[in-house]
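# Understanding the architecture of this molecule
Here is what each chain is made of, one letter per residue.
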Amino acid sequence: MTRKEIIQQRHKANSLLNAPFIAQLPTGDKDVSSDQPTAALELDVIASTIGALESGQTHYVDVPGIMPLREAIVSFLAGLGITGYDATQIVITASVQEARFLTLQTMITSSVAIPKVVHPGVKKALGVRAPEVQVLEVDASKGMLPTLDGLQDALEKGVKTIYLESPVRLTGAALKASAVTEISQLVESHSATLICDQGLAPWVVADGAATYTPILGSTTTLIGDVFPGAGLEAMPLGFIATDSERVAEITKLKQIMSICTSTPSQYAALKISETYEAKRVELVKKLSSAREVLEHHLGHSLPGHSASILACKTDAKTQLQGYRYADGADFGAPDTLRLLVREGLR
Amino acid sequence: MTQKITQQKRGTEVLYGLIKEARGYDDAIILGRGDPDFDTPAHIIAAAKDAMANKAHEASPPEGLLSLREAIAERVKRVNGVEVDPKGEVVVTNGGQEALFLMVLATIGEGEALLVPEPNYNTYKDSVSFAGGHVVGMPTYPGESFRVDPERVRQTLTPEVKALLLVSPNNPAASVISKEDQLALLDIAKEHDLIIIADDIYDLMIYDDFVHTSPASLPGGLERTLTLNALSKAYAMTGWRMGWVTGPADLMARVRDLKTAVSGPASTIAQYAALTALTGPQAEMHAMVDTYKKRRHIVLDYLDQMGFSYGTPQGGQFVFVNIDHTGMSSLELSQKILTNAHVLAYPGGAFSEDMDHFLRITFLQPEDKLRDGLGRMKDAMDVIAAGA
């Protein structure tokens with residue numbers, strides 16, 4: 001075999017790397033396959049970004065991101081009830097996918113456990129340099145959240161890195177406070193670490209209110225989208241919040257991969273940060289109402305707390321003809337589909 | 001005790017440490033980092049503004065916008081003489097650095113090796129190490145103008161070597177690989193079934209009578225060559241992170257999949273800026289290159305005054321300076337110049353352990369600042385010489 005044939009053969013055999021790609025941005029009005037709300041960039045954001053570029057901010061910046069934006073992410077997280085991080089513990093990434101890649105590739109020692117139903121980007125990120133992957137069973141009645149029994153079993157088998165989504169990217173289901181406490185204790189007692197994608201946290205509505213219970217603590221590294229729903233979709237950013245030691249490791253790999261993150265995106269995000277929280281709260285209300293209408297109309301929905309998405313059984317397909325939605329099979333749940341919630345979608 | 005840059009401390013970490021220290025001086029002049037002092041031309045920023053206003057919802061596929069890939073294909077044909085299909089043989093990346101990372105991941109596996117002429121930009125080693133492979137270094141020599149001698153490449157090959165890195169003009173040695181040598185190197189690649197990883201990032205910055213030749217432009221070259229380029233250096237767009245990989249469709253399919261795994265599509269806004277950089281007016285880019293040519297002479301004049309020997313740069317944005325006569329390691333001298341003159345020149349040891357008797361000095365400061373920095377460096381060297 002030639003060298004190229006060997007490369008191709010290896011590539012085909014890598015099922016993780018060949019997991020489906022899910023676009024972050026809709027391709028048209030009838031594309032509801034992404035999971036974050038979209039918005040136009042406001043004029044003051046454009047003006048501020050262009051002002052920064054015209055004043056010479058077109059050069060390399062610090063690998064983990066510009067410090068004012070890292071500080072803004074600390075405030076953004078605080079607005080979601082995620083506290084305890086300072087700006088030096090934040091890394092800005094070129095996308096949430098880059099955040100997945102950087103955390104998974106720097107934090108896994110030998111094996112990792114991931115939920116049976118998870119964003120396919122997780123598998124792709126693992127496929128680049130594949131460790132041993134264990135699968136955590138999920139509970140369909142709780143929106144595909146992993147079961148505590150499965151988590152405990154993986155930890156007892158010696159897995160030292162756990163990857164979770166809360167809210168789940170397919171359904172929007174978020175962990176309740178009691179589950180968060182149990183998971184934190186389990187992970188800590190097994191001297192393991194947890195990576196948690198909390199990218200849909202800004203849209204969580206639980207018990208009728210926009211509240212979210214994050215997983216925190218020294219064993220947890222958080223990742224997510226930077227200021228979703230504010231017009232950054234075409235210039236996306238992700239973030240990582242973790243302890244100082246891991247920041248150093250992640251920064252080292254980030255430097256090797258791409259030196260730093262695109263400056264126009266960072267300056268746009270910085271301007272957005274000034275007014276984001278109030279707009280987010282307003283958007284949660286609107287999305288929540290729109291989701292209720294959609295849920296009523298479709299009538300096949302799964303439990304979920306993120307107002308930005310609605311997951312339902314594939315029975316709903318007939319009502320969705322002409323729409324492009326996310327296929328649950330890509331996430332590991334073939335009988336499920338996911339819609340981006342938009343006002344007026346019905 | 002002589003300070004040496006060892007494998008235990010990565011070259012990149014050393015360089016970042018020096019930059020951090022330099023930033024602590026109000027009057028610091030950095031003559032080491034490969035970041036052009038020019039800001040991005042105004043018409044490129046205007047394109048970003050237009051894209052932010054009108055294309056903020058335009059999704060990019062992982063391999064990049066087709067319009068940009070078409071512009072890249074046109075550029076590669078015009079500048080490098082290589083014909084690629086924008087639909088399957090181009091992937092847009094977050095800068096040249098990500099392009100390199102993806103190329104290495106695409107070609108090198110666990111236990112395999114990349115043959116790397118030395119000295120070189122240290123990220124090559126870091127990327128190969130991440131992929132689970134190792135580099136097989138092949139020395140080049142100042143007395144041979146850092147030529148990548150095909151015969152020496154042949155002698156250096158090991159069974160683990162699966163790919164060959166060719167950087168022309170080289171960073172940091174600023175040497176250009178001749179067409180004759182590129183042909184001979186391609187023959188070796190064919191003979192041993194090696195993939196060529198070509199770094200063409202300085203292909204527009206060629207001096208005197210030297211000519212840049214892309215390995216992919218040679219007969220039978222494209223089918224086994226992955227080539228990277230970026231807008232960072234030629235268009236002063238380091239912060240935007242816009243680069244690309246071109247190559248044969250079968251290998252590029254893997255590069256594309258790796259791109260989806262590592263980071264997903266690049267910023268649509270930055271891609272529209274890149275499109276304007278490639279298809280819009282080129283006068284400012286050419287003016288920048290002309291300025292580098294002029295500055296090269298200024299730097300060489302000062303180095304002559306300081307009594308340094310060097311290989312005259314054939315391309316790129318820097319000169320690699322021999323410091324053998326000082327009796328100091330490159331880090332030691334770099335540190336002394338930084339402490340005493342607040343001028344940062346990069347230690348050669350950060351690029352290769354065998355290049356610990358070199359400094360890398362860039363042309364990437366305005367003329368007055370460049371003269372100020374080199375003047376201060378000369379004063380510092382006089383003090384060092386007097387002390388010795």
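Rules and cut-offs
- Residues numbered from 1 in each chain as written.
- Chains lettered and ligands numbered in written order.
- Predicted model: local features only at pLDDT ≥ 70, side-chain atom pairs only at ≥ 80, totals over all residues.
- Heavy atoms only, no water.
- Helix = DSSP H or I, 4+ residues; strand = E, 2+ residues; numbered from the N terminus.
- Rg over C-alpha atoms; globule rule 2.2 N^0.38 Å.
- Buried < 20%, exposed > 50% of the residue type's maximum accessible area, 1.4 Å probe, protein only.
- Contact = heavy atoms within 4.5 Å.
- Lys, Arg positive; Asp, Glu negative; His and termini not counted.
- Charge placed at Lys NZ, Arg CZ, Asp CG, Glu CD.
- Buried area = accessible area lost by both parts, 1.4 Å probe.
- Salt bridge = Lys/Arg side-chain N within 4 Å of Asp/Glu carboxyl O.
- Polar contact = N/O pair within 3.5 Å; in protein donor to acceptor, adjacent residues only side chain to side chain.
- Nonpolar A, V, L, I, M, F, W, Y, C, P; charged D, E, K, R; others polar.
- Pairing = 2+ DSSP bridges.
- Axes fitted to C-alpha atoms, helices over the stretch in contact; angles between N-to-C directions.
- Parallel < 35°, antiparallel > 145°, perpendicular 65-115°, else oblique.
- Expected span 1.5 Å × (residues − 1).
- Core = buried A, V, L, I, M, F, W, Y, C linked by side-chain atoms within 4.5 Å.

### Observations concerning the overall build of chain A
- The number of helices and strands found in chain A is 10 helices and 13 strands.
- Relative to the 2.2 N^0.38 estimate, which gives 20 Å for 346 residues, the radius of gyration of chain A is 20 Å and therefore close to what a compact globule would have.
- Expressed as lengths along the three principal axes of its C-alpha atoms, the size of chain A is roughly 50 × 50 × 50 Å.
- Scored against the burial criterion, the 346 residues of chain A give a buried share of 60%.
- Taking the intrachain contacts of chain A between residues at least 6 apart in sequence as the baseline, contacts between residues at least 24 apart amount to 72%.
- Where the 31 positive side-chain charges of chain A centre and where its 37 negative ones centre are 6 Å apart.

### Focus: the interface of chain A and chain B
- Taken together, the contact between chain A and chain B spans 58 residues of the former and 66 residues of the latter.
- Between chain A and chain B, a total of about 4900 Å² is buried, with carbon and sulfur atoms accounting for 62% of that surface.
- Summed over the shared surface of chain A and chain B, the result is five salt bridges.
- Salt-bridge contacts for Lys4 of chain A lead to Asp250 of chain B; the nearest nitrogen and oxygen are separated by 3.0 Å.
- Viewed at the interface, chain B and chain A are joined by 31 residue pairs in polar contact (both at pLDDT 80 or more).
- When residues of the side of chain A that touches chain B are traced back to their parent elements, those giving at least two are α1 (3-13), α2 (43-54), α4 (96-107), α5 (120-127), α8 (244-258) and α9 (263-273) of chain A.
- Partitioned by chemical class, the residues of the side of chain A that touches chain B number 28 nonpolar, 20 polar and 10 charged.

### Focus: the pattern of salt bridges
- What the rule picks out here adds up to 40 salt bridges over all chains.
- Glu191 of chain B is the partner of Arg154 of chain B in a salt bridge, and the nearest nitrogen-oxygen pair spans 2.8 Å. Of the two residues, Arg154 of chain B is situated in helix α6 (residues 150-156) and Glu191 of chain B in helix α7 (residues 179-191); the sequence distance between them amounts to 37 residues.
- By relative accessible area, Arg154 of chain B is classed as partly exposed at 31%.
- On the accessibility criterion, Glu191 of chain B (53% relative accessible area) is exposed.
- Because the salt bridges share partners, they merge into one network encompassing Asp35, Arg100, Arg169, Asp197, Asp225 and Arg338 of chain A.

### What to know about unusual backbone geometry
- Along the chain, Ser166 of chain A connects to Pro167 of chain A via a cis peptide bond; the corresponding omega equals 5 degrees.
- Checked against the element boundaries, Pro167 of chain A lands in the loop between β7 (161-165) and α7 (177-189).
- Cis geometry marks the peptide bond from Asn171 of chain B to Pro172 of chain B; its omega dihedral reads 20 degrees.
- Along the chain, the position of Pro172 of chain B falls in the loop between β5 (161-167) and α7.
- Positive phi is not limited to glycine here, since Ser145 of chain B has a value of about 55 degrees.
- Inspection of the secondary structure assignment puts Ser145 of chain B in the loop between β4 (134-139) and α6.
- You will see that Arg241 of chain B, though not glycine, has its phi angle at about 60 degrees, which is positive.
- The residue Arg241 of chain B is located in the loop between β7 (225-230) and β8 (243-246) in this model.
- Residue Arg241 of chain B is classed as buried on the basis of its relative accessible area, which comes to 2%.

### Here's the deal with the sheet that holds strand β11 (residues 309-313) of chain A
- Reading across from one edge, β1-β12-β13-β11 (chain A) is the order of the four strands in this open sheet, with mixed pairing throughout. The two strands at the open ends of the sheet, each matched to only one other strand, are β1 (31-32) and β11 of chain A.

### Quick notes on the sheet that holds strand β12 (residues 346-347) of chain B
All names here are of chain B.
- Pairing in this open sheet of four strands is antiparallel, and the strands run β9-β10-β13-β12 from one edge to the other. Every interior strand has two partners, whereas the edge strands, β9 (309-310) and β12, have only one.
- Note that β9 and strand β10 (residues 318-322) share two bridges and pair antiparallel. Its bridge partner lying in β10, Tyr310 is registered against Val321.
- Strands in contact with helix α10 (residues 283-305) are β9, β10 and β13 (358-362); relative to β10, the strand with the most contacts, it is inclined by about 10 degrees.

### Describing the pairing of β10 of chain B
Residues and elements named next belong to chain B.
- Counting buried positions over the five residues of β10 gives five, a clear majority of the element.
- Here β10 shows two buried faces, one formed by Phe318, Phe320 and Asn322 and the other by Val319 and Val321.
- In the sheet, β10 pairs with β13 via five bridges, with the strands oriented antiparallel. Each bridged residue has a counterpart across the sheet, and for Val321 the counterpart in β13 is Leu359.

### Let's talk about the packing of α8 of chain A against helix α4 (residues 95-107) of chain B
- Here α8 of chain A crosses α4 of chain B at 95 degrees, and the two axes come no closer than 5 Å. Relative to α4 of chain B, the element α8 of chain A is oriented roughly perpendicular. Where α8 of chain A approaches α4 of chain B, its residues Leu253, Gln255, Ile256, Met257 and Ser258 of chain A are matched on the opposing element by Gln97, Glu98 and Phe101 of chain B.
- Broken down by class, the residue content of the contact of α8 of chain A with α4 of chain B amounts to four nonpolar, three polar and one charged.

### Quick look at the side chain of Gln134 of chain A
Residues and elements named next belong to chain A.
- Locating Gln134 in the fold gives a position in strand β4 (residues 132-136).
- For Gln134, a relative accessible area of 17% translates into the label buried.
- Sequence-distant contacts of Gln134, that is, excluding residues within four places in its chain, are made with Val112, Ala113, Ile114, Ala154, Lys157 and Val159.

### Looking at helix α2 (residues 42-54) of chain B
- For α2 of chain B, spanning 13 residues, the distance from its first C-alpha to its last is 18 Å, which sits close to the expected 18 Å at 1.5 Å a residue.
- Turning to α2 of chain B, the residues buried within the fold contact α2 and α9 of chain A together with α9 (268-279) of chain B.

### Describing the environment of Gly328 of chain A
Residues and elements named next belong to chain A.
- Residue position: Gly328 is located in the loop between β12 (324-327) and β13 (336-340).
- According to the relative accessible area criterion, Gly328 is buried, its value standing at 0%.
- In this structure, Gly328 is in contact with Leu170, Ala333, Pro334, Thr336 and Leu337, ignoring residues within four places of it in sequence.

### Section: the nonpolar core
- If you look at the biggest cluster of nonpolar residues, it comprises 220 residues, and the most contacted ones within it are Ile73 and Phe227 of chain A.
- Sort the elements by how many residues they give to this core and α10 of chain B lands first, with nine residues.
- Once residues lying within four places of it in the same chain are set aside, the contact partners of Ile73 of chain A are Ile90, Ile92, Val226, Phe227 and Phe239 of chain A.
- Counting residues in hydrophobic clusters, the runner-up holds 19 residues, among them Val153, Leu157, Leu166 and Ile188 of chain B.

Read these as geometric descriptors, not functional statements.
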